[in-house]
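Observations on the three-dimensional arrangement
Chain by chain, the residues:
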Amino acid sequence: MKMPKRARSPRLHVSKPRRLMLLTTTTGYQTQAFVEAAQRLGAAVVFGTDRCHALADPWRDGALPLRFENPEAAAEEVRKYARKNSLEAIVALGDRPTLTAARACQALGLPSHPPEASDACRDKSRSRPCLREAGLRVPGFIRLPLDVELAEAASATAWRVGCPCVVKPLALSASRGVIRANDMGQFLVAFERLRRLLHNPDVQVLREETSQFIQAETYIEGKEIAVEGLVDRGRTRILAIFDKPDPLVGPFFEETIYVTPSRLAANLQAEIAQVLERAVNALGLHHGPFHAELRLNAQGIWILEVAARSIGGLCARTLRFISPDCSETISLEELIIRLALGDDISGFHREDRAAGVMMIPVPGTGIFQEVEGIEQARQTPGVEDIIITVKSGEKLVPLPEGSSYPGFIFARADSPQAVEDALRGAHQKLRFIMSPALPVI
Ligand code: ADP
């Protein structure tokens, strides 16, 4: 007797969400923006971090503890994780995790920037020769060991670099520790000041090999711009050119205003795009975001930095991208995640409106109490938002020793000039109340 056939139950096709690993050292606003973007895409997020204890937040979900100062070992941990759990993309936030992300992606066969390219971008003493060999303009430089004799540092710098020059750390970011020196007397003072900063426990804790060096470079005068871009399987795309309308002439280089679109002539912008494409190819960047800082003068376009990551902090909020059929507007974070997941993002373009951000300058050394005038500042036409990131009771330290801005002002308007005016107008209405920092006894 034949057994009656059992009715087949319809098979449920429940597709698993794609999983993205965010490699991050902090849990700040930028991390939150990436998490929100991933959620919009329906992608699951897992963190890989070296600050696990700091992840007491709602998204804490089995974060993988990693040590970014050892990218090989950290990438191996990510690979082991991916053997047990599927992982479709890895995105690094900030500079330090880029080396781990590149190695982990390579091990897992995910498209990304190759490790050699990420390494070169992280270390200006490696990227400079590589860019120069490709015929691009980069400042002359010399890399000096942290414990070099001062007289030796001065004579080597005078011979190889000359004055004016800048001294800079290789392992820090956001212009921290970058100091201009106009003559050798100023060089000696700047070098010692930077050496003291690099001996600080909070810097030494980064344990990066590059923390053991100071770089001295020829000072390049000229207008400075920042460029946000990405590489899509080897093809370079410029997403936005930001003008920096405040002069950055030193002795310290505090970033303030970024405005896009650039007011530079169209042919110069096209030349900038070509230079960056050559830089991307020379460095070997392949798939992922990049952020560049350039200077422009009568001699041409100079590359100060190409970083294998997206723009830092909250500045990404200035950028919004429109889908090809204009039905969607997405953030830079979402664009980067889609790129990492291998989606086609070629049709997305930046919105037409002008946009900008002011990284609010540190008002001085002291203990931050509060800021007055925020509501009036928010009413400034064109201003979209003001975010004060510093907390009451926190110590503020200006550059070159300090490392963070007290907050950000965002504006959007019909023209770059209107954006710039909005940012300056709002800033003038803010009053930071500080109390003196007590000296450490
Ligand atoms: P970081 O990676 O910490 O941002 P950068 O090397 O990009 O350090 O330098 C920070 C800022 O210092 C630059 O945006 C620029 O304004 C200034 N700067 C750095 N190097 C030079 C240079 N060689 N010539 C002129 N200005 C420089």
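Cut-offs used in this document
Residues numbered from 1 in each chain as written. Predicted model: local features only at pLDDT ≥ 70, side-chain atom pairs only at ≥ 80, totals over all residues. Heavy atoms only, no water. Helix = DSSP H or I, 4+ residues; strand = E, 2+ residues; numbered from the N terminus. Rg over C-alpha atoms; globule rule 2.2 N^0.38 Å. Buried < 20%, exposed > 50% of the residue type's maximum accessible area, 1.4 Å probe, protein only. Contact = heavy atoms within 4.5 Å. Areas by Shrake-Rupley, 256 points an atom, 1.4 Å probe, with all protein chains shown as cover. Lys, Arg positive; Asp, Glu negative; His and termini not counted. Charge placed at Lys NZ, Arg CZ, Asp CG, Glu CD. Pairing = 2+ DSSP bridges. Axes fitted to C-alpha atoms, helices over the stretch in contact; angles between N-to-C directions. Near = heavy atom within 4 Å. Polar contact = N/O pair within 3.5 Å; in protein donor to acceptor, adjacent residues only side chain to side chain. Nonpolar A, V, L, I, M, F, W, Y, C, P; charged D, E, K, R; others polar. Salt bridge = Lys/Arg side-chain N within 4 Å of Asp/Glu carboxyl O. Expected span 1.5 Å × (residues − 1). pLDDT = per-residue confidence, 0-100.

In terms of helices and strands, the chain carries 12 helices and 22 strands. Against the 2.2 N^0.38 benchmark of 22 Å for 441 residues, the chain shows a C-alpha radius of gyration of 23 Å, consistent with a compact globule. In terms of its C-alpha atoms, the chain occupies a principal-axis envelope of roughly 105 × 55 × 50 Å. Relative to its 441 residues, the chain shows a buried fraction of 54%. For the chain, contacts bridging at least 24 residues in sequence account for 69% of all contacts bridging at least 6. Accessible surface, the chain as shown: approximately 20,600 Å² in total, 51% of it carbon and sulfur. Computed over 54 positive and 53 negative side-chain charges, the inter-centroid distance for the chain is 7 Å.

The strand order across the open sheet formed by 4 strands is β5-β8-β6-β7, and the pairing between neighbours is antiparallel. With one partner strand each, in any of the chains shown, β5 (141-145) and β7 (179-181) form the two edges of the open sheet. The mean inter-strand angle of the sheet, taken between neighbouring strand axes irrespective of direction, is 25 degrees. Where strand β6 (residues 165-169) lies against β7, 3 bridges are found, and the strand directions are antiparallel. What sits directly across from Val-167, in β7, is Ile-179. Strands β5, β6 and β8 (213-218) of the sheet are contacted by helix α6 (residues 150-160), whose axis makes an angle of about 170 degrees with β5. Most of the contacts of helix α7 (residues 184-199) go to β6, to which it runs at about 10 degrees, and overall it touches β5, β6, β7 and β8.

The next point concerns the site of the ligand. As a matter of local geometry, the ligand sits amid 18 residues, with Lys-168, Ser-175, Thr-218, Ile-220 and Glu-224 nearest to it. The separation between a nitrogen atom of the ligand and a polar main-chain atom of Ile-220 is 2.9 Å. At 2.5 Å from an oxygen atom of the ligand is found a side-chain nitrogen or oxygen belonging to Glu-224. Among the secondary structure elements, those contributing two or more residues to the shell around the ligand are β6, β8 and β13 (300-307). Its residues assigned to classes, the shell around the ligand comprises 9 nonpolar, 3 polar and 6 charged.

Moving on, we get to the pattern of salt bridges. A full pass over the atoms with the stated rule returns 33 salt bridges. Of the charged contacts in the structure, one is a salt bridge between Arg-193 and Glu-401, with a shortest N-O distance of 2.7 Å. Of this pair, Arg-193 sits in helix α7 while Glu-401 is found in the loop between β20 (395-396) and β21 (407-413), placing the two residues 208 residues apart along the sequence. Since its relative accessible area comes to 29%, Arg-193 is described here as partly exposed. Judged by its relative accessible area of 26%, Glu-401 is partly exposed. Lys-244 is the partner of Glu-293 in a salt bridge, and the nearest nitrogen-oxygen pair spans 2.4 Å. Within this pair, whereas Glu-293 is found in strand β12 (residues 288-297), its partner Lys-244 is found in the loop between β10 (235-243) and β11 (257-260), the two being separated by 49 residues in sequence. As far as burial versus exposure is concerned, Glu-293 and Lys-244 are alike and both buried.

Take helix α12 (residues 416-429) next. If you check α12, its first and last C-alpha atoms are 20 Å apart, about what 14 residues at 1.5 Å a residue would give, namely 20 Å. Of all the positions in α12, only Pro-416, Val-419, Glu-420, Ala-422, Leu-423, Gly-425 and Ala-426 are classed as buried. Where α12 is buried, its residues contact β11, β17 (354-359), α11 (374-378), β19 (383-388) and β21.

Turning next to the confidence of the model for the chain. Do not read the predicted coordinates in detail wherever pLDDT is low. For the chain, per-residue confidence averages 91 on the pLDDT scale, and residues scoring 70 or more make up 92% of the total. For the stretch residues 1-11, pLDDT sits under 50, and the model shows 0 contacts to residues farther than four places along the chain or on other chains. In this model residues 54-59 is a low-confidence stretch, pLDDT under 50, and it forms 11 contacts with partners more than four residues away in sequence or in other chains.

Here the focus is the sheet that holds strand β4 (residues 89-92). Sheets are built from strands paired through backbone hydrogen bonds, the pairs being either parallel or antiparallel. The strand order β3-β2-β1-β4 describes an open sheet built from 4 strands, whose pairing is parallel. At either margin of the open sheet sits one strand with a lone partner, and together these are β3 (64-65) and β4. As paired strands, strand β2 (residues 44-49) and β3 are joined by 2 bridges and run parallel to one another. Bridge assignment links Gly-48 to a residue of β3, and that residue is Leu-64. Contacts between helix α3 (residues 98-108) and the sheet are confined to β1 (19-24) and β4, with β4 contributing the most and set at about 165 degrees to the helix.

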